[in-house]
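One letter stands for each residue in the lines below.
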Amino acid sequence: MGFSQALSGLNAASTNLNVVSNNIANSQTVGFKSSTTQFADIYAGAKVGLGTRVAAVVQNFNSGNLETTDRVLDLAISGSGFFRLEQGGQMVYSRNGQLTLTADGYLENAQGARLVGADGIIRIPAEGLRASPTSEVKATLNLDAGTDLVTVEFDSANPATYSYANAATVYDSLGNAHQLTTYYRKVDINQWEVHAALDGKDITPIAAPMVSFNSSGILQDSPVLEPMLADYEGAETYLTDSDYADVQAYLDVKAAYEADPTNPAPPAISETDHSQFQQYVDDFLAYKDYRKSAEEPVVADYGNTQDYLDAKADYEADTAIPKTVPNPDPIDATRYPQAQAYLDHLAAYNLGPVYKPATFSISAAELNNGAAALSFQLDLTGTNQFGNDFEVSGLTQNGYTTGGLMGFSVDVNGNIIGKYSNEQTQILGQIQLASFRNPEGLQPVGDNVWIETAASGQALAGVAGAGQFGTIESGVVETSNVDLTKELVNLIIAQRNFQANAQSVKTQSDVLEQAVNLGR
């Protein structure tokens, strides 16, 4: 007679009591995952079993309830995944997202483990947001179709020289605010000229941008007029000094030099003597681009391109397998030097004229405040010309002055979004989650964290809300998944099991005592 069965039962029941008690003790621990005890019998080849043993203590990774706290740094994962934390040089994983912001900007849990993102340990910078110069102004207007034509020369100081004006605030590279005033002049039927002034100084390009509308009042591509050489200070002087017949000759030399630096370079452009030559070049190129989209190309204007088109047609008409007519593609630039230019022009023409926002610029010298030169596009997409009063229905710009960090929030994808005093927001970092093929194989090490093991498999990192990963909720915590009522019932069952095994020991002791007494 042996006590092994009863003793093994006592040991197993004791372990079960410990597991149930641990569950009950952590019923209020945020992110805690309950465990259950699994038993196995012991035979070892005997006809009668030798008792029982604890086969495993299995963790239950079902999600707990989400409980609102309204605290920004209380985070919870709604769905699968674990927070990644760095603790003492080791990566640990947790479902407890109760974090605090340290004096040096790290997000830590109560044990000092730091939250990890895609680029390493997350740190919230204390520095303010640098100024960003305006690069785009978007305005949506209605220009009254019944407005009279303006025939006098534009003068921002004279309201009789423009139809309408509108003001906006823009920013330079130092964050200084400037007042931008845009002026709209109706110069022809369905044709408007756009001017601009910054702090009262005219910054309109030499060729004032045009805005055109079709017969339905819808914005369309505006005609780009050919720039007049005489209107650009120093432009004609540069061509004369360089012995170029026209601007195209300059562009040809420039292109040859850029393709092969051993070719002669075009003479330098003097800011003093040829101050507006570069502007003339830019406007000329814009005019060429417009012509490509507005005028159908004529093959005869492109050298022997017709020979290329004929060769292409012969190749496509060849029905032999394999084809016996040679394919002229890719284009041999030596044989057909202008064929590609023709095809580019044809493609632009087939696409049709497309509205392009006008660009306005002011040099650093003209700003005269230490900021860099300011250049921005005025985008009037969505502007109409109807028979209603002038109206501004939308006006935005993308520049801003400096700003201090006022706070931050966390969105469902784990982006930490800083909020600044200049009403701007910026992503300061992104929380990265981890998942495991077998989360039950994770080893709990206390302080609400686990570490990976061979049984769990390696951590798979990813972004919240993508694929298998749940979303991140801010202002809530995930409560323990312990069902307290169920655990109290389990406690009673475990207690009875322990008492039954203790009774088995007592019974075996009584039987043994009676057997001993028989020999007296």
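Residues numbered from 1 in each chain as written. Predicted model: local features only at pLDDT ≥ 70, side-chain atom pairs only at ≥ 80, totals over all residues. Heavy atoms only, no water.

When you look at the sheet that holds strand E12 (residues 136–142) in this model, what are you seeing that I'm missing?
Note on sheets: strands pair through backbone hydrogen bonds, and any given pair is parallel or antiparallel. Reading across the sheet, the four strands line up as E19-E20-E12-E21 and stay open at both edges, with mixed pairing between neighbours. Since the sheet does not close on itself, it has two edges, and those belong to strand E19 (358–362) and strand E21 (391–397), each with one partner. Taken pair by pair, the neighbouring strands of this sheet meet at an average axis angle of 20 degrees, ignoring direction. Pairing geometry for E12 and strand E20 (residues 374–379), over three bridges, is parallel. Bridging from a neighbouring strand, Val137 pairs with Leu378 of E20. (Pairing = 2+ DSSP bridges. Helix = DSSP H or I, 4+ residues; strand = E, 2+ residues; numbered from the N terminus. Axes fitted to C-alpha atoms, helices over the stretch in contact; angles between N-to-C directions.)

Explain the layout of surface pockets here, please?
Empty space among the atoms becomes apparent when a probe as large as a water molecule is rolled across them. Here the second largest pocket is characterised by a volume of approximately 520 Å³. If you go around the second largest pocket, you meet 17 residues; those closest to its centre are Gln248, Lys288, Lys292, Tyr302 and His345. Breaking the lining of the second largest pocket down by element, the ones donating at least two residues are helix H4 (277–294) and helix H6 (339–351). Top contributing element to the lining of the second largest pocket by residue count: H4, with seven residues. (1 Å grid on protein atoms, 1.4 Å probe; cavity = no way out; pocket = protein on both sides within 12 Å on 5 of 7 lines; lining within 4 Å. Points joined across faces, edges and corners; volume = space filled by probe spheres on them.)

Is there a simple way to explain the side chain of Thr204 in this structure?
If you trace the backbone, Thr204 turns up in the loop between strand E16 (201–202) and strand E17 (210–213). Polar contacts involving the side chain of Thr204 include one to the main-chain amide nitrogen of Ala196, which spans 3.0 Å. Not counting residues up to four positions away in its chain, the partners in contact with Thr204 are Val194, His195, Ala196, Pro209 and Phe360. (Polar contact = N/O pair within 3.5 Å; in protein donor to acceptor, adjacent residues only side chain to side chain. Contact = heavy atoms within 4.5 Å.)

Mind showing me how you'd approach empty space enclosed by the protein here?
On inspection of all chains with the given rule, the structure shows one cavity of 30 Å³ or more. Of the volumes computed, that of the largest cavity is approximately 50 Å³. Taken together, Val137, Ala139, Asn166, Ala167, Ala168, Leu180, Thr182, Tyr184, Leu378 and Leu395 make up the lining of the largest cavity. At the level of secondary structure, the elements contributing two or more residues to the lining of the largest cavity comprise E12, strand E13 (164–171) and strand E14 (177–188). Residue composition of the lining of the largest cavity, grouped by class: eight nonpolar, two polar and no charged. (Nonpolar A, V, L, I, M, F, W, Y, C, P; charged D, E, K, R; others polar.)

Please explain the sheet that holds strand E7 (residues 97–98) as it appears in this structure.
As summarised here, the arrangement of the three strands in space is E7-E4-E29, forming an open sheet in which the pairing is antiparallel. Here the strands that pair on one side only, and so sit at the sheet edges, are E7 and strand E29 (471–474). With two bridges joining them, strand E4 (residues 74–78) and E7 adopt antiparallel strand pairing. Looking at the pairing, Asp74 lines up with Gln98 of E7.

Before we go on, may I ask you to explain the pairing of strand E22 (residues 405–410) in this structure?
Each regular strand displays side chains that alternate between the two surfaces of the sheet. Taken together, the five bridges between E22 and strand E23 (residues 415–420) define a ladder with antiparallel strand orientation. Within E23, the residue paired with Gly407 across the bridge is Lys419. The turn linking E22 back onto E23 is made up of four residues, and Gly414 within it adopts a positive phi angle of 85 degrees.

What should I look at first to understand the packing of helix H3 (residues 247–259) against H4 in this one?
Geometrically, a packed helix pair is captured by the angle between its two axes and the distance between the axes. Put simply, H3 and H4 touch, their axes get as near as 11 Å, and they point 95 degrees apart. Relative to H4, the element H3 is oriented roughly perpendicular. Here H3 contributes Val247, Gln248, Tyr250 and Leu251 to the contact with H4, which in turn contributes Phe277, Gln278, Tyr280, Val281, Phe284, Leu285 and Lys288. Considered class by class, the residues forming the contact of H3 with H4 number eight nonpolar, two polar and one charged. (Parallel < 35°, antiparallel > 145°, perpendicular 65-115°, else oblique.)

Would you take a moment to explain the pattern of salt bridges for this structure?
Pairing between side chains of opposite charge can happen when their charged atoms approach one another. In the structure shown here, the tally under the stated rule is ten salt bridges. Salt-bridge contacts for Asp104 lead to Arg114; the nearest nitrogen and oxygen are separated by 3.9 Å. Residue Asp104 is located in the loop between strand E8 (100–101) and strand E9 (107–108), and its partner Arg114 is located in strand E10 (residues 114–117); the two are separated by ten residues in the primary sequence. Close ionic contact of Arg185 with Glu193 constitutes a salt bridge, the shortest N to O distance being 3.1 Å. (Salt bridge = Lys/Arg side-chain N within 4 Å of Asp/Glu carboxyl O.)

How should I be thinking about the nonpolar core in this particular structure?
The nonpolar side chains of a soluble globular protein tend to be buried, and buried together. Counting 26 residues, the largest nonpolar core has Phe83, Leu107, Leu115, Ile416, Ile431, Leu433 and Ile472 as the members making the most contacts within it. Contributions of two or more residues to this core are made by E4, strand E5 (82–87), E22, E23 and strand E27 (449–451). The contacts of Leu115, once residues within four sequence positions are left out, are Phe83, Arg84, Leu85, Leu99, Leu107, Ile121, Ile122 and Ile431. Core analysis: the second largest hydrophobic core is formed by 25 residues, Trp192, Val211, Ile362 and Leu374 among them. (Core = buried A, V, L, I, M, F, W, Y, C linked by side-chain atoms within 4.5 Å. Buried < 20%, exposed > 50% of the residue type's maximum accessible area, 1.4 Å probe, protein only.)

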